[in-house]
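# Structural overview
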Protein chains: 6
Amino acid sequence: MTWPEFAEHVARNPVVFLPTGMTEQHGPHLPLGVDFQLPLAIADLVAREIDGLIAPPLHYGYKSMPRTGGGPGFPGSLGLDGATLSAILRDLIRELARSGVRRIVVLDGHLENRWFLTEGIELAVRELGEHSPRVVCMQHWDFLDDETMARVFPEGYAGIDKEHAAILETSLMMHFYPQHVRLDRIPDEPPLAAPPYDTWPARPEWIPPAGALTSAKPATAAKGECVADCYRRRISAALRAEFGLGARS
Amino acid sequence: MTWPEFAEHVARNPVVFLPTGMTEQHGPHLPLGVDFQLPLAIADLVAREIDGLIAPPLHYGYKSMPRTGGGPGFPGSLGLDGATLSAILRDLIRELARSGVRRIVVLDGHLENRWFLTEGIELAVRELGEHSPRVVCMQHWDFLDDETMARVFPEGYAGIDKEHAAILETSLMMHFYPQHVRLDRIPDEPPLAAPPYDTWPARPEWIPPAGALTSAKPATAAKGECVADCYRRRISAALRAEFGLGARS
Amino acid sequence: MTWPEFAEHVARNPVVFLPTGMTEQHGPHLPLGVDFQLPLAIADLVAREIDGLIAPPLHYGYKSMPRTGGGPGFPGSLGLDGATLSAILRDLIRELARSGVRRIVVLDGHLENRWFLTEGIELAVRELGEHSPRVVCMQHWDFLDDETMARVFPEGYAGIDKEHAAILETSLMMHFYPQHVRLDRIPDEPPLAAPPYDTWPARPEWIPPAGALTSAKPATAAKGECVADCYRRRISAALRAEFGLGARS
Amino acid sequence: MTWPEFAEHVARNPVVFLPTGMTEQHGPHLPLGVDFQLPLAIADLVAREIDGLIAPPLHYGYKSMPRTGGGPGFPGSLGLDGATLSAILRDLIRELARSGVRRIVVLDGHLENRWFLTEGIELAVRELGEHSPRVVCMQHWDFLDDETMARVFPEGYAGIDKEHAAILETSLMMHFYPQHVRLDRIPDEPPLAAPPYDTWPARPEWIPPAGALTSAKPATAAKGECVADCYRRRISAALRAEFGLGARS
Amino acid sequence: MTWPEFAEHVARNPVVFLPTGMTEQHGPHLPLGVDFQLPLAIADLVAREIDGLIAPPLHYGYKSMPRTGGGPGFPGSLGLDGATLSAILRDLIRELARSGVRRIVVLDGHLENRWFLTEGIELAVRELGEHSPRVVCMQHWDFLDDETMARVFPEGYAGIDKEHAAILETSLMMHFYPQHVRLDRIPDEPPLAAPPYDTWPARPEWIPPAGALTSAKPATAAKGECVADCYRRRISAALRAEFGLGARS
Amino acid sequence: MTWPEFAEHVARNPVVFLPTGMTEQHGPHLPLGVDFQLPLAIADLVAREIDGLIAPPLHYGYKSMPRTGGGPGFPGSLGLDGATLSAILRDLIRELARSGVRRIVVLDGHLENRWFLTEGIELAVRELGEHSPRVVCMQHWDFLDDETMARVFPEGYAGIDKEHAAILETSLMMHFYPQHVRLDRIPDEPPLAAPPYDTWPARPEWIPPAGALTSAKPATAAKGECVADCYRRRISAALRAEFGLGARS
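Reading guide: rules and limits
Residues numbered from 1 in each chain as written. Chains lettered and ligands numbered in written order. Predicted model: local features only at pLDDT ≥ 70, side-chain atom pairs only at ≥ 80, totals over all residues. Heavy atoms only, no water. Contact = heavy atoms within 4.5 Å. Buried area = accessible area lost by both parts, 1.4 Å probe. Salt bridge = Lys/Arg side-chain N within 4 Å of Asp/Glu carboxyl O. Polar contact = N/O pair within 3.5 Å; in protein donor to acceptor, adjacent residues only side chain to side chain. Helix = DSSP H or I, 4+ residues; strand = E, 2+ residues; numbered from the N terminus. Nonpolar A, V, L, I, M, F, W, Y, C, P; charged D, E, K, R; others polar. Least-squares fit on C-alpha atoms with pLDDT ≥ 70 in both. Buried < 20%, exposed > 50% of the residue type's maximum accessible area, 1.4 Å probe, protein only. Pairing = 2+ DSSP bridges. Right-handed = clockwise from strand over helix to strand, strands pointing away. Axes fitted to C-alpha atoms, helices over the stretch in contact; angles between N-to-C directions. Parallel < 35°, antiparallel > 145°, perpendicular 65-115°, else oblique. Left-handed = near helix turned anticlockwise from the far one by under 90°. Phe/Tyr/Trp six-rings, centres within 6.5 Å; stacked < 30°, edge-to-face > 60°. Expected span 1.5 Å × (residues − 1).

### Digging into the interface of chain C and chain B
Interface size is commonly expressed as the accessible area that is lost once the parts come together. Counting from both sides, the interface comprises 49 residues of chain C and, opposite them, 49 residues of chain B. Counting the surface lost from both chain C and chain B, the interface buries some 3,600 Å², and carbon and sulfur atoms represent 60% of this. Looking at the side of chain C facing chain B, the largest losses of area belong to Trp3, Tyr60 and Pro75 of chain C, adding up to 19% of the total buried there. One can count 8 salt bridges joining chain C with chain B. With a shortest N-O distance of 2.6 Å, Arg182 of chain B and Glu5 of chain C are connected by a salt bridge. For the pair chain C and chain B, the interface holds 28 residue pairs in polar contact (both at pLDDT 80 or more). Of all the secondary-structure elements, those providing two or more residues to the side of chain C that touches chain B are helix H1 (3-11) and helix H4 (82-98) of chain C. Take the side of chain C that touches chain B: its biggest share by element is 10 residues, from H4 of chain C. Residue composition of the side of chain C that touches chain B, by class: 27 nonpolar, 12 polar and 10 charged.

### Quick look at the relation of the copies chain D and chain A
Superposition of chain D onto chain A requires a rotation of 180 degrees combined with a translation of 0.0 Å along the rotation axis, giving an RMSD of 0.0 Å. Here the two chains are linked by the operation of a two-fold rotation axis. Distance from the rotation axis, computed per C-alpha, reaches its smallest value in chain D at Thr84 of chain D: 3.1 Å.

### What about the relation of the copies chain C and chain B?
If you rotate chain C by 180 degrees and push it 0.0 Å along the axis, it lands on chain B with an RMSD of 0.0 Å. Most of the interface of chain C is mirrored in chain B: 100% of its interface residues are interface residues there too.

### Topic: the pairing of strand S4 (residues 134-139) of chain A
Among the 6 residues that make up S4 of chain A, 6 are buried, leaving the element largely enclosed by the rest of the structure. Residues Arg134, Val136 and Met138 of chain A point to one face of S4 of chain A and Val135, Cys137 and Gln139 of chain A to the other, with burial holding for every one of them. When strand S3 (residues 103-108) of chain A meets S4 of chain A, the two strands line up parallel, connected through 6 bridges. By the bridge assignment for S4 of chain A, Val105 of chain A is matched with Val136 of chain A. Crossover handedness for the path S3 of chain A to helix H5 (residues 114-128) of chain A to S4 of chain A: right-handed. By the bridge criterion, 3 bridges tie S4 of chain A to strand S5 (residues 198-200) of chain B in an arrangement that is antiparallel. Bridge pairing in S5 of chain B places Val135 of chain A opposite Trp200 of chain B.

### Quick word on the packing of helix H2 (residues 34-50) of chain B against helix H7 (residues 167-176) of chain B
Residue and element names in this part refer to chain B. Interhelical geometry of H2 versus H7 gives an angle of 60 degrees and a closest axis separation of 11 Å. In terms of axis orientation, H2 runs oblique to H7. Seen from above, H2 lies across H7 with left-handed handedness. When H2 is examined against H7, the residues Val34, Asp35, Gln37, Leu38, Ala41, Ile42 and Leu45 are found in contact with a partner set consisting of Glu169, Leu172, Met173 and Phe176.

### Comments concerning the sheet that holds strand S3 (residues 103-108) of chain D
In space, the 5 strands of this open sheet follow the order S2(D)-S1(D)-S3(D)-S4(D)-S5(F), with mixed pairing throughout. Bordering the open sheet on either side are strand S2 (53-54) of chain D together with strand S5 (198-200) of chain F, each of which pairs with just one other strand. Pairing of strand S1 (residues 15-20) of chain D with S3 of chain D, which is carried by 6 bridges, proceeds in the parallel orientation. Across the sheet, Phe17 of chain D pairs through a bridge with Val105 of chain D, a residue of S3 of chain D.

### Here we look at the sheet that holds strand S5 (residues 198-200) of chain D
Pairing within the open sheet is mixed, and its 5 strands lie in the order S5(D)-S4(F)-S3(F)-S1(F)-S2(F). Unpaired on one side and paired on the other, S5 of chain D together with strand S2 (53-54) of chain F mark the two borders of the sheet.

### Overview of the packing of aromatic side chains
Tallied over the full model, the rule gives 45 aromatic pairs over all chains. Pairing Phe116 of chain C with Phe116 of chain E gives two aromatic rings, centres 5.1 Å apart and planes at 75 degrees, and the pair type is edge-to-face. Of this pair, Phe116 of chain C sits in helix H5 (residues 114-128) while Phe116 of chain E sits in helix H5 (residues 114-128), on two different chains. For Phe116 of chain E, a relative accessible area of 1% translates into the label buried. Through successive ring pairs, a cluster of aromatic residues spans Tyr62, Trp115 and Phe116 of chain A together with Tyr62, Trp115 and Phe116 of chain B.

### Things to note about the interface of chain D and chain A
Contacts between the two partners involve 49 residues from chain D, matched on the other side by 49 residues from chain A. Interface area lost by chain D to chain A is led by Trp3, Tyr60 and Pro75 of chain D, which between them contribute 19%. Measuring nitrogen to oxygen at the nearest pair gives 3.6 Å for the salt bridge that ties Asp81 of chain D to Arg90 of chain A. Where chain D packs against chain A, one counts 28 residue pairs in polar contact (both at pLDDT 80 or more). Elements that contribute at least two residues to the side of chain D that touches chain A include exactly helix H1 (3-11) and helix H4 (82-98) of chain D. A per-element tally of the side of chain D that touches chain A places H4 of chain D first, with 10 residues. Broken down by class, the residue content of the side of chain D that touches chain A amounts to 27 nonpolar, 12 polar and 10 charged.

### So, the side chain of Ser171 of chain A
Residues and elements named next belong to chain A. Mapped onto the secondary structure, Ser171 falls in helix H7 (residues 167-176). Here Thr220 takes part through its backbone nitrogen, which lies 3.2 Å from a polar atom of the side chain of Ser171. In this view, Ser171 contacts Ala219, Thr220, Ala221, Lys223 and Gly224; residues no more than four positions away in its chain are not counted.

### Concerning the arrangement of the chains
Taking C-alpha atoms only, the smallest gap left between chain A and chain E, which are not in contact, amounts to 17 Å. A gap remains between chain B and chain F, which never touch, and the nearest two C-alpha atoms on either side lie 17 Å apart.

### Regarding unusual backbone geometry
In this model, Trp200 of chain C is joined to Pro201 of chain C through a cis peptide bond whose omega is -5 degrees. By the secondary structure assignment, Pro201 of chain C is in the loop between strand S5 (198-200) and helix H8 (221-243). Notably, Ala165 of chain F is not glycine yet its phi reads approximately 60 degrees, a positive angle.

### Quick notes on the environment of Asp91 of chain D
Its location among the elements puts Asp91 of chain D in helix H4. Asp91 of chain D sits in the buried class, given a relative accessible area of 0%. In this structure, the C-alpha to C-alpha distance between Asp91 of chain D and Val46 of chain D, residues 45 residues apart in sequence, is 24 Å. Filtering out sequence-adjacent residues up to four positions away, Asp91 of chain D remains in contact with Gly79, Leu80, Asp81 and Thr84 of chain A.

### Overview of helix H4 (residues 82-98) of chain B
All names here are of chain B. Taking 1.5 Å per residue as the helical rise, H4 with its 17 residues ought to reach 24 Å, and the 24 Å between its terminal C-alpha atoms agrees with that figure. Counting buried residues along H4, 15 of its 17 residues qualify, which places the element largely inside the surrounding structure. Immediately downstream of H4, the backbone of Gly100 shows phi near 100 degrees, a positive value.

### Section: the packing of helix H2 (residues 34-50) of chain C against H8 of chain C
All names here are of chain C. Two numbers describe how H2 lies on H8: the axes approach to 9 Å, and their chain directions differ by 50 degrees. Considering their axes alone, H2 and H8 lie oblique with respect to each other. Crossing of H2 over H8 shows right-handed handedness. On the side of H2, the interface is formed by Ile42, Leu45, Val46, Glu49 and Ile50, while H8 contributes Ala228, Tyr231, Arg232, Ile235, Ser236, Leu239 and Arg240. Counted by class, the contact of H2 with H8 contains 8 nonpolar, 1 polar and 3 charged residues.

### Section: the pattern of salt bridges
Any two side chains of opposite charge can pair, given that their charged atoms come close. By the definition in use, this model includes 144 salt bridges over all chains. Two residues, Arg67 of chain C and Asp198 of chain C, come together in a salt bridge whose shortest N-O distance is 2.9 Å. Linking Arg67 of chain C in helix H3 (residues 66-69) with Asp198 of chain C in strand S5, this pair joins segments that are 131 residues apart in sequence. In terms of burial, Arg67 of chain C and Asp198 of chain C fall into one category: buried. Each of Lys63 and Asp81 of chain A, Glu119, Glu122 and Arg126 of chain B together with Arg90, Asp91, Arg94 and Glu127 of chain D takes part in salt bridges that share partners, so that together they form one network.

### Some remarks on the side chain of Thr118 of chain D
With respect to the helices, strands and loops of the structure, Thr118 of chain D is situated in helix H5 (residues 114-128). With relative accessibility at 0%, the residue Thr118 of chain D sits in the buried group. Excluding anything up to four places from it in sequence, Thr118 of chain D contacts Tyr62, Met65, Asp198 and Trp200 of chain F.

Laid out in structure tokens, this is it:
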């Protein structure tokens, strides 16, 4: 997209998606980029529904924590400090606003990012005051509905904390990026067994050595498709409501 | 406690608790200080079990967010920027380490604090390197066990996000600080009805006007005592295990 | 105080006190909390006079310096970096303003805090522009009048720099918190003998080993009462004048 | 690439490329992503020569300046503050080092980035001390040799400052990403006519309205291929020398 | 001084002076540069005594405050934020240390600078750890002895706070830089009449309109010479003791 | 200049120059202060032409880099972090604006400063919004015209990068400050032979050991005068045009 094309799009006040994620271990069967690949694919699905634009994604996010992503013991997890991530968000919202964008959706795929994204948006909105765009911030798994949950986790859901490199992410990757999944390497280890607190230094004995916090064995592309469809429907409905967009003709 | 007393205590390598919280609206029936009063009371309970010390608490924490604390629309919610809170944690861990403390427990009572506490600890531990104390960070509700949950939430648990100024916090306040609870003012409003994302500017129509995100009507002091006892047992057991402390004689 | 009570108070435009201090060694006879306990007690006295509110105090302040507080060699002195303290002030003034507060008094009890409090207020006032509340910043000892000085220091006043854990603070603690003073442990050492400059690394040989920079032996509760009364009268008079409040009916 | 694959690669001490760039107007004929697309393609070329790895690129860089990129007047130029960009670099070098990487090449495609990349590397290297990897930072156009220059700019070279969206970048895009170039929209405007200083507010009258600082009309895919080949040869030779790698077998 | 000369000097481990000050109003009779001109002149005097070096001075310091410098209402007072000044000090100490300097004296002439200089030194010393130089920080007026005070202020000393652009600074300027003093413009206004606290917004009615906080009428060059001589003797004696230098032969 | 004089000048809306530079090695024949001495002298020349004011110069700038200034291996090069330099600029522009200044020229003499000056101005201008002064930022060598270049570099110009302590700076110093040039010590070494990238750690073997990146042997005072005259004419013409000043009567 060239700048005159961008300007033309912006003139009709579209929703602009900023996909955010991380470069982080996702077990031996998924690539390091899962956390930005998924938001990008989901943003693409939803943007088609509501005629939105997608800004280039953030490839790096907040540091991986042991209980939610395996933590710093895994090579290839490349995290930013919290203030760095917040500053990126603040700067990009400021710049999108300067470019005329009035509707922004931060679509995140890395659990640890949430509060630093929040803070970055807070800082931008405070700075921009009445000139601030409307900003929405979401993490995709929060849009799972009961029906989808029942299909994807027929034996129960351990919570998103433990879904790192597990059924949800693997199924979505099998659906969106099948060529990036090494089905033969899905580990079959006991899940994360961590007490309900964080500790420094980290305790590697809590973490499944292969890095998937629950087994991804039950993942299937069909489940991924089911989740993707749920996201497409529910996120676009939410954004239509939020931004007062007409239903799709 | 004077400094020679502190030095004497530190010489036997105690666990030092840093209670963290917030000054924030908690409905018309609870004081603004709930989020620091509870960690202080819980730290007191646990410190007695394991002969720990308690550092003066933090009265201010990360900004209240609409979906978890009612947000900035309520007077009296006085929040810090994320980087400020992280800097406080980093500084205090550095200083406790300098004072000879080797075991630190950050005991938090404000949901929104978690990741900025995490980042503050990360910064301190990275700076201190091999001289870093062992640090544990916890939010009290994560220590609720199934049995206690069943007693406190017989009709089901909406998730800690919606427990702001609701059954859990009100029961604990009735137990620990009965004089601070205005039973006659517990609101009976429908709970928070928010979609699964954040939005700027906030949407006041999502938030119960009185500020309790679920009704606190079912709260009782007995429930509070039950939770407190659960915390006392489970947190002290966790810390004994974590720090290799002997069982209480 | 609940948030509706807070909102009600704020509606009548009260003076809101923010007591600031430090957790810092105060000799073998005073607790680590002197520097926040005294501003809290003084704020309480004055707030009664002018119907003010008191925000939860800051328990941590700028790092103890050798010539004014004994410095980093004493366990239990837990200081913040200057930028951290300034950020706290900036954030809290911004948030008080958002809550509708128009009159703020920062009442400090830790000499080293002054300029970082100043800077925090500067940053907030600059950011808030015309929406800034009126802010007053004071350190309590600056309100000592000649008559009180003559009674408290009949043999001469060494300057507030050397009053750390000495006559003034001990007398005030004996008055406000007698149960926290260990009269039998007041040291009788020669006072701080330091040249007129700071040096890094610190020179421990300048500092009295027990941490009181001048002997507190002449301290009495009666002197403390006399000082407290002076503060009550003079600070409330100053604030009435500053904020255009009517005399007390 | 999964984390075990990454770990395996890192074990043989490879050169890791971090492509950096910007999302910025590049005239009506080139996409907003030129500045990260080119370093990514060049890194790919060179990495094949020296068996290197490529980290996910940075899509956002320092703010576009009028004399070198058209400046903030163009929609779609989304820049970061300098400190944000430096913090990203500092964090990523720290994290790559933690992951075991000992050889890093920052390969940049956005002129304005240079000094903030430099500062980020400075901060990381200072922090890591003796544990720092060896880091190289380059901007691709600095590897143009005289022969290539003669072929690409037969009528003279205005300097890299004026090459924004002009012959060099357009030729390279035609070579690497022909589907992204709108040949029919290459503007034919007079070049940037700016005095030798910056001014705030910017002077739009200095900037060609379409955003290409010199005409890209003479660009050809063959020129792009010639440049790419020059880069491949010269950058891989430089890195072999710099890191003591053997010549390619 | 060239770099080989600097290196030669540093090889003998000299005391290096960093004069710090401010560009700030000093009444209608003194130039804006008093606060850096005086430390520079004093450093020159003392450096001759102890064979020291002088680094280029800082021309800008912390913001002028109403009660100590007249405050922001005066044109020409150009202050830095506290964090900026601290960062400068931190950076310069780090760099002097890298250059081999082991003995640093920060010699300040602007009252408001003290705590931000302190913090900058704290940050540098913490970062440098065992590689830190020894650093001394002083404000020149703290070296006035009783005898000199008696000669300079025969009618009593109002405290350094009120000496802004008054007898002390004017006398020193008359001694060191007579050509920069406009004797005919020394104002004869009543001194600063401010209560013992700061207030935002500032109260211009507290400040003498011409900007000298006490009358400088009694200033003389002879007094300036007397003070300069006192400084020369006492500061060089202090530094000889502090750094273990031999007495001057 | 006193503050009333400053205020009087400002009332006629003058151009205010802020000379910026560095304390940095400049070979064995030039003093460490070249980079601030030259902008100060040039500002003086131009200010006379357009009746401008000169603010006290910055003596310290961004860190010396090996390929442009010899780098950190030379004693006496005392650099600031990038964020520090940007903060100074931001603060000073804010303060000049507060003092009523509407026209600011940052006149720089240290190549490495450029982008951090730019960022500081960006930050100030963004903060000040519509209240921002007009700011110009320049590096003096960018005003060399072809005729002057031909006279100064009859044998060709290696680019400003390699002119560190070489013909341009030495000639200008011989013209402006002949007493500070050690003609007999001009080194005659081969010039900098560095590949087109930066590397950490630095490679000292790239740098001429004496620190002049090209030989200064051809420098003469006459060349310096020629350059100075070119600067005087061209910079004052540019500023007259930029600020809409009348031609000199």
